[in-house]
Amino acid sequence: MNKRYDLAIIGGGASGLVAAIAAARRRRSVVLCEKMSAPGLKLLASGGQRCNLTNTLSTEAFMERFGPEGRFMGPALAELGSEKLRSFFHELGIETDIRDGFRVWPATRRSETVLAGLLAEVKRLGVRVEVRCEVRSALFTDGCFQLTCEAGAIAATELILATGGLTHPRLGTTGDGYRFARAFGHRVKPCYPGGVPLLTRERWPGRCTAHTIGKAVVRFAAGRPKKLARTGDVIFTERGIAGPVILDLSREISPLLKKRGTVLLQLNLGRGRNREDWQAIFKGWRQGSGGILAERLAEHFPPPLAEVLCELAGLEARTAVHALGGEPRDRLIGILVETPLTVVDTAGYDQAFITRGGVSLKEVDPSTLESRLRPGLYLCGELLDLDGPCGGFNLQWAFASGYLAGLGK
Ligand SMILES: Cc1cc2nc3c(=O)[nH]c(=O)nc-3n(C[C@H](O)[C@H](O)[C@H](O)COP(=O)(O)OP(=O)(O)OC[C@H]3O[C@@H](n4cnc5c(N)ncnc54)[C@H](O)[C@@H]3O)c2cc1C
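Nothing here was measured: the structure is a model prediction, and the numbers come from that model.

Scoring rules and cut-offs
Residues numbered from 1 in each chain as written. Predicted model: local features only at pLDDT ≥ 70, side-chain atom pairs only at ≥ 80, totals over all residues. Heavy atoms only, no water. Helix = DSSP H or I, 4+ residues; strand = E, 2+ residues; numbered from the N terminus. Contact = heavy atoms within 4.5 Å. Lys, Arg positive; Asp, Glu negative; His and termini not counted. Charge placed at Lys NZ, Arg CZ, Asp CG, Glu CD. Phe/Tyr/Trp six-rings, centres within 6.5 Å; stacked < 30°, edge-to-face > 60°. Buried < 20%, exposed > 50% of the residue type's maximum accessible area, 1.4 Å probe, protein only. Lys NZ or Arg CZ within 6 Å of the ring centre and 35° of its normal. Pairing = 2+ DSSP bridges. Salt bridge = Lys/Arg side-chain N within 4 Å of Asp/Glu carboxyl O.

### A closer look at the overall build of the chain
Part 1: In terms of regular secondary structure, the chain is built from 13 helices and 20 strands.
Part 2: Seen along its three principal axes, the alpha-carbon backbone of the chain occupies a region of about 85 × 40 × 35 Å.
Part 3: Of the contacts made within the chain by residues no fewer than 6 positions apart, 72% connect residues no fewer than 24 positions apart.
Part 4: The centroid of the 55 positive side-chain charges in the chain is displaced by 1 Å from the centroid of its 42 negative side-chain charges.

### Structural notes on the packing of aromatic side chains
Part 1: According to the stated counting rule, one finds 13 aromatic pairs in the structure shown.
Part 2: A centroid spacing of 6.0 Å and a plane angle of 80 degrees characterise the contact between phenylalanine 88 and tyrosine 403, whose relative ring orientation is edge-to-face. Taken together, the positions of phenylalanine 88 in helix H5 (residues 82-91) and tyrosine 403 in helix H13 (residues 393-407) put the pair 315 residues apart, joining distant regions of the chain. No difference in accessibility class separates phenylalanine 88 from tyrosine 403, as the two residues are buried.
Part 3: A centroid spacing of 5.3 Å and a plane angle of 85 degrees characterise the contact between phenylalanine 89 and phenylalanine 399, whose relative ring orientation is edge-to-face. Taken together, the residues span a long stretch of sequence, with phenylalanine 89 in helix H5 and phenylalanine 399 in helix H13 at a distance of 310 residues. Per residue, the accessibility class of phenylalanine 89 equals that of phenylalanine 399, and both read buried.
Part 4: An aromatic cluster of at least three residues, connected via ring pairs, comprises Phe62, Phe66, Phe102 and Phe393.
Part 5: For the cation-ring pair, arginine 273 lies above tryptophan 278, with the distance from its terminal atom to the ring centre recorded as 5.4 Å.

### Digging into the sheet that holds strand E5 (residues 103-106)
Part 1: The 3 strands lie next to each other as E3-E5-E4, forming an open sheet whose pairing is antiparallel. Two strands close off the open sheet at either side, each with one partner strand: strand E3 (54-55) and strand E4 (96-97).
Part 2: Direction of pairing for E4 relative to E5: antiparallel, over a ladder of 2 bridges. If you follow threonine 96 over to E5, its bridge partner there is proline 106.

### A closer look at the pattern of salt bridges
Part 1: Within this structure, the stated rule accounts for 22 salt bridges.
Part 2: The salt bridge involving glutamate 363 is made with arginine 187; its shortest N-O contact spans 3.0 Å. Of this pair, glutamate 363 sits in the loop between strand E17 (354-359) and strand E18 (364-365) while arginine 187 is found in the loop between helix H7 (176-183) and strand E10 (188-194), placing the two residues 176 residues apart along the sequence.
Part 3: A network of salt bridges, in which partner residues are shared, links Arg251, Glu252, Arg356 and Asp387.

Okay, here's the thing in structure tokens:
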């Protein structure tokens, strides 16, 4: 490994592989170092091994979903936004399709197809891929970047950090890139697991695990006066709560947990029905055939949840609905409209799909992804302080940022 390359890339994930292709197409000599036995293990695991590659949102709407920092992605998305990404894959023989009008998948529904296509192009272009090549340190000395790996040293004129974040560390992502970036003077914002199930103080979710609750409304105080509310499917787990809407909100809740210790959620598990809606439903029950509370509630909720809701309101599940009125009924309606759950932790990086936080964007030039502190150093993918919700947002960012970084100046 004594040769000096034009470019070294640390990390053979989604962003590193695309960076290698973009750079090698410009006839630069490229070496890609991957610490695992093969590149792209996280790409393989993505989207339940089906790989939700991107989505059909406009660039503006796409960036908005990443929050205030989202505009940083503009130049990368101009180079390889959703449409261009699909063409890029098409040229590699990877066909894509959209069945729900939003999510873009490989037509085969297999992430293997995507990885195989990327690796074939990397090979065709003559990129040197070093696997089981964990980079221990990356420094700039004697006019070039010097990488220290178990197998020896690598020298390169330019360097791309594409080491990902901290999620699923068994797939190789253990935050090494933060250390490398710090060594070049970059600031790293605190990191949190995002897209992750939440653990609750209450034990009752463990009694309701078999059911998905559709169109649940989840609210919590994100800060004064900001109150966030989102609607979507919720799933109860043995130790808490998950499902698409929770995974998305976890990106906000995770940092709050660190600050506050606990976060109180208010769930409307009855498809957004308000107090007046429930008062009308109760009136109908009383005027109709009556019955017992748990059975009538089970018309709207899975039976175990119906029982839990009665308990939370301090009511016997077998209470006759004819006998229910006044304060006890209002108490139950209060619980149906806003069921409280106290989040005490997340399920951690092992179960998260994205890292919130990372290398600060301030010292990276969005038009090239070059470091403002060390010329010739580029950063891309999840390593940077950008994270999006589920739905192809994060892979799109990884591909687009890898591409831009690979183009160089
Ligand atoms: C289970 C799961 C499912 C997901 N599904 C989707 C999805 O369907 N759609 C979507 O948009 N996003 C999805 N994501 C998120 C998405 O996969 C990531 O955001 C994206 O892969 C990040 O790409 P990256 O190139 O930045 O990092 P990674 O793909 O994580 O690649 C980083 C690479 O760097 C290597 N590396 C790290 N340190 C070193 C070192 N010191 N030396 C050498 N190599 C090193 C790692 O081994 C790894 O291969 C999912 C994530 C997970 C965990």
